[in-house]
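What follows is the residue order along each chain.
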Amino acid sequence: MDAIHEKSPVADEKLDDTSSASIRHIDTVGNNVDARLANPLQGIPHKKLMANAARFAREHGLGHLEAEFQKGALVAQDPEAFESLTQLDAADKEVLRRELTHRWHQPFELYYMVILCSMAAAVQGMDESVINGANLFYAPQFGIDPNSTGPDAGRNQWLLGLVNSAPYLCCGLISCWLTHPLNNWLGRRGTICLSAFISFATCIWQGATNSWQHLFVARLILGFGIGPKSTTVPVYAAECAPPAIRGALVMMWQMWTAFGIMIGNVMDLAFYHVPDTHNIKGLNWRLMLGSAGVPALLVMLQVYLCPESPRWLIGRGRYEDAYKSLLRLRNNPIQAARDLYYIHVLLETEKEIETGHNLFQELFTVPRNRRAVLASTIVMFMQQFCGVNVIAYYSSNIFSQSGFNNIQALLASFGFGLINWLFAFPAVYTIDTFGRRNLLLTTFPLMSIFLLMTGFSFWIPEGNGRLAVVALGIYLYAMAYSPGEGPVPFTYSAEAYPLHVRDVGMSLSTSVLWFFNFVVAITFPRLLGAFTPQGAFGWYAGWNVIGFILILLFVPETKALSLEELDQVFSVPTRKHALYQLKALPHNIKKYIFRMKVAPMAPLYHHERVADEKEAAADGLRRRHVDGGVV
């Protein structure tokens, strides 16, 4: 029997009993919460739908646009069937047709919003990476040099890690959980503006500190700028973007964060040779840390020039403002009316299905949600314990220990940042073709190998040979990381959770990410001192092996699945999924690596079985045509 139709022998692995609809039948979804949210307009007769849209327009101060909202509602009910709607004229259909054929033809203000969000992502990257070069200078100045050979060496390594990790401690424990109330109070733009101001102010503050304790406090407050911004900006972009390009725009966050990391390395190089003045010691590292405040200031000054999220405005009853916002973000009024009405109906449906239950509690008490939490937590946790941020934060120290001088170490760190950014571009294509799970299963073994290569290279005698192999290992690692574990975690987590618990689920996943970012950042200097570079890189190479196993057993594929199919995938008992994947591993190695002919395995999910049956029927039909002489 298909795995999704069976109940696990484990009591707490029973299927989600919050819905009486069986996951066996895709069409029996009347009581399925996410099926109702998928398209609340489905099945409503056209006459009734037009009457509802007209009433909506009159009740919300948009009565003069009644005809536009009637047409928009019809299109929203089935966006791909607009050609058959007699209520639309030729101009309307041409607008909707062009939307499909020229999906990147969008208004200037939408692209202005995209540029702003990309700049906010770059601020994030700079906040993370400028510390890389500053490490080389502020640590000796403040008496916490990790390379000292005295009895305080261990203490210094812990203190350096504490200072560097302070923002992520704040994000993991406090600031990420402030995102929801801040968005309710200030809106998307207001939250971005406030977080950008905090980033700007604390970057300047960091440059004015006079002790490691002072710098720790400044960086701790920086976490209030990083946390809310990292969760709000992707949501803001998704709520403003049209569906056709929404996924690509959300992916931009990771890409431009990588760009910001690279620019942070550039700033470290640019200010390296700045001399001290008669009354300012360490002016170079102060300018490095302060430089990340410049793009934050630009984001803060420009964010209110962009339209507010229409979804946020509708949620506050500001329908006229929401329509004006959509007019700025869409090419034609019919598109604005369609999206406004659809968002309204979706929000009303969400209110209807609210049960009064604690949504955070539902993440763990509902088996389907619990499996999504497990999978999302694994990919978020492994983004930190794959070791990427020890290189992003400490590559200058690593390269210095391998024999580079300081300026060479910063140049080598810039090379890492550049590769990390450039190799994020292929993920825009591969994440939706090769798949999230396949990308992770392919890149984790490679990352483990390249980290071992980097660590073992420290046994090479000092000289150009060691320098070359260390740099090569780190660069190859970046090439494997950027298209895989770089973009996948946020994309995966955003789609794994059911819609009605997605906000709280994403807050949980993001806090997990930042907390373990803190753990990695605080421990690595001491790890490097106690384990030596060979042991430190071997430690994270081992975690990449563990990550491969965890993803193999507990992280299902989510690529191109509907909400109903996602429910099916995450309704498979965890034990069932793990046992199936253990059997599939040798089968796939034989088939895809050794190119052997092997019998196909029975599909795990119902939608896979349906697809296989359709493909087999199509093959049979083609064979009959060939046998019958049909060309």
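Rules used in this analysis
Residues numbered from 1 in each chain as written. Predicted model: local features only at pLDDT ≥ 70, side-chain atom pairs only at ≥ 80, totals over all residues. Heavy atoms only, no water. Salt bridge = Lys/Arg side-chain N within 4 Å of Asp/Glu carboxyl O. Helix = DSSP H or I, 4+ residues; strand = E, 2+ residues; numbered from the N terminus. Buried < 20%, exposed > 50% of the residue type's maximum accessible area, 1.4 Å probe, protein only. Axes fitted to C-alpha atoms, helices over the stretch in contact; angles between N-to-C directions. Left-handed = near helix turned anticlockwise from the far one by under 90°. Contact = heavy atoms within 4.5 Å. Nonpolar A, V, L, I, M, F, W, Y, C, P; charged D, E, K, R; others polar. Patch = residues over 30% accessible without salt bridge, like charges linked within 9 Å, V, L, I, M, F, W, Y side chains within 5 Å. Areas by Shrake-Rupley, 256 points an atom, 1.4 Å probe, with all protein chains shown as cover. Expected span 1.5 Å × (residues − 1). Arc of directions from axis to C-beta. Disulfide = S-S within 2.5 Å. pLDDT = per-residue confidence, 0-100. Phe/Tyr/Trp six-rings, centres within 6.5 Å; stacked < 30°, edge-to-face > 60°.

If you walk through the whole model with that rule in mind, you get 14 salt bridges. Linking glutamate 308 and arginine 189 is a salt bridge whose minimum nitrogen-to-oxygen distance equals 3.7 Å. In this pair, glutamate 308 is assigned in the loop between helix H11 (293–302) and helix H12 (310–315) and arginine 189 in helix H7 (residues 179–206), connecting sequence segments 119 residues apart. Residues glutamate 308 and arginine 189 agree in their burial class; the two are buried. Each of the salt bridges in this network shares a partner with another, and the network as a whole consists of Glu99, Arg330, Arg338 and Asp339.

Look at helix H20 (residues 436–456) against helix H22 (residues 488–496): their axes get within 11 Å of each other, and the N-to-C directions meet at 145 degrees. In the crossing of H20 with H22, the sense of the turn from one axis to the other is left-handed. In this structure, H20 contributes Arg436, Leu439 and Leu440 to the contact, and H22 contributes Val488, Thr491, Tyr492 and Glu495. Per-class residue counts for the contact of H20 with H22 are four nonpolar, one polar and two charged.

This next bit is on a nonpolar patch on the surface. Where nonpolar side chains cluster on the molecular surface, the patch consists of Ile589, Tyr592, Ile593, Phe594 and Met596 and spans about 540 Å² of accessible area. Inspection of the secondary structure puts isoleucine 589 in helix H25 (residues 574–593).

For the rest of this paragraph, the subject is the environment of phenylalanine 385. Locating phenylalanine 385 in the fold gives a position in helix H16 (residues 367–385). A residue is classified by how much of its surface remains accessible, and phenylalanine 385, at 8% relative accessible area, is buried. Placed 128 residues apart in sequence, phenylalanine 385 and leucine 513 show a C-alpha to C-alpha distance of 9.9 Å.

Now for the environment of proline 228. Here proline 228 shows up in helix H8 (residues 212–240). Proline 228 gets classed as buried once you look at its relative accessible area, which sits at 2%. On a C-alpha basis, the gap between proline 228 and isoleucine 192 in space is 7.6 Å, while along the polypeptide they are 36 residues apart. Contacts of proline 228, omitting those with residues within four sequence positions, involve Ser175, Thr179, Leu182, Thr191 and Gly223.

As for its placement among the helices and strands, glutamine 124 is situated in helix H5 (residues 108–141). Setting aside its immediate chain neighbours within four residues, glutamine 124 contacts Ile226, Lys229, Ser230, Trp253, Thr257 and Trp514.

Moving on to helix H4 (residues 90–101). The terminal C-alpha atoms of H4, which comprises twelve residues, lie 16 Å apart, in line with the 16 Å expected from a rise of 1.5 Å per residue. Here H4 has its buried residues at Asp92, Lys93, Val95, Leu96 and Glu99. Taken down its axis, H4 places every buried residue within 155 degrees of arc, on the same side. The exposed residues of H4 that point more than 90 degrees off its buried face are Ala90, Ala91 and Thr101.

This part covers the state of the cysteines. Per the stated rule, a full pass over the model turns up zero disulfides. You can see cysteine 171 has no disulfide; the closest cysteine sulfur is in cysteine 176, sitting 5.2 Å from it. Residue cysteine 171 is classed as buried on the basis of its relative accessible area, which comes to 0%.

Now for the confidence of the model for the protein. Averaged over all residues, the pLDDT of the protein equals 85, while 89% of them reach at least 70. Under a pLDDT of 50 for its full length, residues 1–31 has, in the predicted model, 55 contacts with residues more than four places off or in other chains.

What follows concerns the packing of aromatic side chains. The relative placement of two aromatic rings is captured by the distance of their centres and the angle of their planes. In the structure shown here, the tally under the stated rule is 33 aromatic pairs. Consider the rings of tyrosine 168 and tyrosine 393, whose centres lie 5.3 Å apart with planes at 5 degrees: the pair is stacked. Placement of tyrosine 168 in helix H6 (residues 153–173) and of tyrosine 393 in helix H17 (residues 388–401) is noted, with a sequence separation of 225 residues between them. By relative accessible area, tyrosine 168 is classed as buried at 0%. Judged by relative accessible area, tyrosine 393 falls into the buried class, the value being 1%. Judged by centre distance (6.3 Å) and plane angle (75 degrees), the ring pair of tryptophan 177 and phenylalanine 360 falls under edge-to-face. Of this pair, tryptophan 177 sits in the loop between H6 and H7 while phenylalanine 360 sits in helix H15 (residues 359–365), and the two are 183 residues apart along the sequence.

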